[in-house]
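Single-letter residue listing:
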Amino acid sequence: QVQLVESGGGLVQAGGSLRLSCAASGRTLSSYGMGWFRQAPGKERDFVAGISASGITTSYVDSVKGRFTISRDNGKNTVYLQMDALKAEDTAVYYCAADRSSVARHESKFYNYWGQGTQVTVSS
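Keep in mind the model is a prediction, meaning the values are calculated, not measured. (Residues numbered from 1 in each chain as written. Predicted model: local features only at pLDDT ≥ 70, side-chain atom pairs only at ≥ 80, totals over all residues. Heavy atoms only, no water.)

**Student:** Quick rundown of the packing of aromatic side chains? Include the residues and the values.
**Tutor:** In the structure shown here, the tally under the stated rule is 5 aromatic pairs. Considering the side-chain rings of Y32 and Y113, the 6.3 Å spacing of their centres and the 80 degrees angle between planes classify their relative orientation as edge-to-face. With Y32 in the loop between β3 (18–25) and β4 (34–39) and Y113 in strand β10 (residues 111–114), this pair connects stretches of sequence that are 81 residues apart. Neither residue differs from the other here; Y32 and Y113 are each classed as buried. Seen from their ring centres, Y111 and W114 are 6.0 Å apart, and the 55 degrees between their planes marks the pair as tilted. Clustering of aromatic rings is evident, with ring pairs tying together F37, F47, Y111 and W114. Above the ring of Y95, the side-chain terminus of R45 is found at 3.7 Å from the ring centroid. (Phe/Tyr/Trp six-rings, centres within 6.5 Å; stacked < 30°, edge-to-face > 60°. Helix = DSSP H or I, 4+ residues; strand = E, 2+ residues; numbered from the N terminus. Buried < 20%, exposed > 50% of the residue type's maximum accessible area, 1.4 Å probe, protein only. Lys NZ or Arg CZ within 6 Å of the ring centre and 35° of its normal.)

The values reported here are purely geometric and, on their own, carry no functional implication.
Structure, rendered in structure tokens:
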């Protein structure tokens, strides 16, 4: 069993930055692909960024490419999402999740473990 806890959300002005963290306990994350998803009010939960177990491969949804960076520190059992040049449309609850495999797929159905989410609000 893996427990995931996100932190780092908050209120920021458009153009600002936030760094989200996802700390794991119960099992090492080093074997799992990890993803960040987000859910805005009234919308579905969507993939934002993913990173392979090794950290070598990353992927992003087009709307955040060049602005967000996913990374991981397997020694600390933590995954990060650096968010720069934030826009109002980035406002959502952000979730980290562990894929069943060593890759980070874009579909939420492949993820076994989820955090409770952290709110990110970007004011325009």
